[in-house]
Amino acid sequence: MLAPCVVACLVGPRVRAQPPSAPAPGTPPGPTSAAATTGPLGNAASTPGNAVNRNAPGRGGVSVPLADPFPSTYRPVPSGATVIRNVTLLTAAGPTIRNGAILLRDGKIVSVGTNVDAPPGAAVIDGAGKYVTPGIIDVHSHLGVYAAPGGDALSDGNEATNPTTPYVWAEHSVWPQDPQFPRNLAGGVTTLQVLPGSANLIGGRSVVLKVVPSRTVQGMKFPGAKYGLKMACGENPKRVYENRGPSTRMGNVAGYRTAWILAEAYRRRWDAWLAGNRQGEPPTRDLGLETLAEVLRGNILVHNHCYRADEMAQMMDIAREFGYKIRAFHHGVEAYKIADLLARDSVAGALWADWGAFKMEAMDAVRANLALVNQAGARAIVHSDDPSGSQRLNQEAAKAIAAGRAVGIDVSEDQAVRWLTINAAWALGLDDRIGSLEPGKNADVVLWSGDPFSVYTRAEKVWVDGAMLYDRADPRRQWRTDFELGFVAPPTPVGGAAGGAPARAPSSIPSTGGPR
């Protein structure tokens, strides 16, 4: 099964033979979270005598760095202490711990090692013969924006109306009732980055989600996670826009550079206004340039769809020209050719195990790509770009281990588990909170039936922030979406605040079975 962005760009845009032009500067924005009642950064909407200055810009009229108009409402499901004993621990932070144990409490990992005491009242799980890893992180997902069942009505991942659409945000297309979410959780995935598709040079903002039941996307948003910016190289944008441009790779590069020139001027205008006395008319707000300006300030991380080595090198040159960093190249079937450059510039390679040759720019794929990038000292990541592949990323990593060994590169399981966890967490700027089994990290943990790099192994139990949200052996702990249930259940008090609470407590949700 091909990934949504691959399919979309093979067939071209599905909408509008004559796409409309980009929104004019000053596209109506949403509200910002800053200065809800007092104007931009608390300085303009009211006077010392509390008289309202009606000429001052409203909060939606001001471009504030790190504004958060759609904040996370996620609340962890309450949980008690849990100890998992007699397991092999792949920590992603050090060597394998055999016959070890891990204590989860208050949503955090408390201790990991060969001797872990169980506090009074803790649930104790004997995991003899089984493995524990951090929760898997998929940095390239389109769940919710290409929800199941597939079709035009639920095809909301590519705003293929303009080559540059930094003004769109993926979270505004995510359908929380996509039945693919619980299947991802059953595959051991606890965190996802949902991206716009790759039709455009600049596709818009991504969103980082916890794989948890929720009525709203805000209830799934990873608190404090930075946004990503989706960019795309090569064949997709030039094919989609061949009748209006860009229709060549040189046109693509001109498009990126033009956008960044405008963004740099926008950033300087706003930074000067915000650093001044903020009196008088502010610059006109522009949603697209605002997103790009946040990249230039380092507040948004760039995730770049790119296949060919020469194009990835050019994208790094463009980043240097305008002073921003690319966090990860996605797909990168030729990453092995520039693995030293990725290591030098600290750019991750989010890669497939064996996809390639499905279009011209993917022809020079090699199965040892991940191992070669890893060997060069760059951060290698296994990603999916596919709702089915995301359910078995552990098996994708296993294939890449085998491919590496076939060319003489011996990748250990301790290294390979990093491809699924801590390296992916770094790409999202979350490696201080998730991605490894270390005290103080969020208790996102998977208990596997055996070695996770075996095709016969399944995720048995999955914890998110210390709460068991999936148990293969207990149908009551298998999340079903409203789409599968056929009705919307009222929220329960379990899970926290309104808007962030799961539609049902996972323990009360009947089974749909495991990953497909």
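See above for the structure.
Numbers given to residues run from 1 along each chain, matching the order in which its sequence is written. Residue-level local features of this predicted model are given only where pLDDT is at least 70; pairs of side-chain atoms are given and counted only at 80 or more, and the full residue set underlies all totals for whole chains, interfaces and linings. Water and hydrogen atoms play no part in the side-chain values, which are based on all heavy atoms of the structure.

Caption draft 1: Inspection of the pairing of strand β6 (residues 189-194) at higher detail. Whether a residue is buried, partly exposed or exposed follows from its accessible area with a 1.4 Å probe, protein chains only, as a fraction of its type maximum: under 20%, in between, or over 50%, in that order. For helices the rule is a DSSP run of H or I covering at least 4 residues; for strands it is a run of E covering at least 2, with both sets numbered from the N terminus onward. Across the 6 residues of β6, 6 count as buried, placing the element largely inside the fold. Where strand β5 (residues 136-141) lies against β6, 4 bridges are found, and the strand directions are parallel. Note on β6: the bridge partner recorded for I136 is V189. With the strands pointing away from the viewer, any crossover whose connection runs clockwise from the first strand over the helix to the second is right-handed. A crossover links β5 with its parallel partner β6, the connecting element being helix α2 (residues 180-186), and its sense is right-handed. Direction of pairing for β6 relative to strand β8 (residues 207-210): antiparallel, over a ladder of 4 bridges. Directly across from L192, in β8, lies its bridge partner L209. Any two strands with at least two DSSP-identified bridges between them are counted as paired.

Caption draft 2: Spotlight on the packing of aromatic side chains. Each Phe, Tyr or Trp ring (for Trp, its six-membered ring) is paired with any other whose centre lies within 6.5 Å, and the angle between the two planes then decides the class: stacked below 30 degrees, edge-to-face above 60, tilted in between. Scanning the entire structure with this criterion turns up 10 aromatic pairs. Considering the side-chain rings of W175 and F483, the 5.9 Å spacing of their centres and the 80° angle between planes classify their relative orientation as edge-to-face. Separated by 308 residues along the polypeptide, W175 in the loop between β5 and α2 and F483 in helix α12 (residues 482-485) bring together distant segments of the chain. Judged by its relative accessible area of 28%, W175 is partly exposed. With relative accessibility at 43%, the residue F483 sits in the partly exposed group. Each residue in the set Y307, W352, W355 and F358 is aromatic and connected to the rest through ring pairs, giving one cluster. The lysine or arginine in question, R327, covers the ring of W426, its NZ or CZ lying 3.9 Å from the ring centre. Only Lys NZ and Arg CZ are tested; either one counts as a charge over a ring when it is within 6 Å of the ring centre and within 35 degrees of the ring normal.

Caption draft 3: Main features of the state of the cysteines. The criterion for a disulfide is a pair of cysteine sulfur atoms lying within 2.5 Å. Per the counting criterion, the structure on display carries 1 disulfide. One disulfide in the model links C233 with C306; its S-S distance is 2.4 Å. Between C233 and C306, the S-S torsion sits near -95°, and that sign places the bridge as left-handed. Of this pair, C233 sits in the loop between β9 (227-232) and α3 (235-240) while C306 sits in strand β10 (residues 300-306); the two residues are 73 residues apart in sequence, bridging distant segments of the chain.

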